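Working through the structure, step by step
One-letter residues, chain by chain:
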Amino acid sequence: MIFNDRLKLLRTECGLTQEKAAKALGIPPRSYQRLEMDGCKTHYDTLIKIADYYEISLDWLTGRTDVREINQG
């Protein structure tokens, strides 16, 4: 699955542990682990938190595009 692979990529690029990433996003560490492990479905607000925190587009995070940047136009 693209989502969990990209989430892990973002976290490792930033040098974060799963626990630190979960804390930064305001979600339980176990919930974050599940997102990376199996790409379990999550709430829309959590997706937005992830995209905002890493400054990437939701389309990239979910595999709809290969462009990381947020469309500002």
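For the structure itself, consult the block above.
Residues numbered from 1 in each chain as written. Predicted model: local features only at pLDDT ≥ 70, side-chain atom pairs only at ≥ 80, totals over all residues. Heavy atoms only, no water.

Further remarks concern the nonpolar core. Formed by 18 residues in total, the largest nonpolar core has its most connected members in Y32, I50 and Y54. Secondary-structure elements contributing two or more residues to this core are α1 (2-13), α2 (18-25), α3 (29-38), α4 (44-54) and α5 (58-61). Residues contacting I50, with those up to four places away along its chain left out, are F3, L7, L25, L35 and L61. (Core = buried A, V, L, I, M, F, W, Y, C linked by side-chain atoms within 4.5 Å. Buried < 20%, exposed > 50% of the residue type's maximum accessible area, 1.4 Å probe, protein only. Helix = DSSP H or I, 4+ residues; strand = E, 2+ residues; numbered from the N terminus. Contact = heavy atoms within 4.5 Å.)

It is worth spelling out the pattern of salt bridges at this point. On inspection of all chains with the given rule, the structure shows 4 salt bridges. One salt bridge connects R68 with E13, and the closest N-O pair in it is separated by 2.9 Å. With R68 in the segment after α5 and E13 in helix α1, this residue pair connects regions lying 55 residues apart in the sequence. Judged by relative accessible area, E13 falls into the partly exposed class, the value being 46%. Taking the shortest distance from any N to any O, the salt bridge between D59 and R64 comes out at 3.1 Å. (Salt bridge = Lys/Arg side-chain N within 4 Å of Asp/Glu carboxyl O.)

Even without a glycine there, the phi angle at E55 is positive, about 55°. Along the chain, E55 falls in the loop between α4 and α5. By relative accessible area, E55 is classed as exposed at 63%.

Enumeration according to the criterion identifies 1 aromatic pair in this entry. Taking the centre distance of 4.9 Å and the plane angle of 85° together, the rings of Y53 and Y54 count as edge-to-face. Residue Y53 is classed as partly exposed on the basis of its relative accessible area of 38%. (Phe/Tyr/Trp six-rings, centres within 6.5 Å; stacked < 30°, edge-to-face > 60°.)

This is a description of form; function is not addressed.
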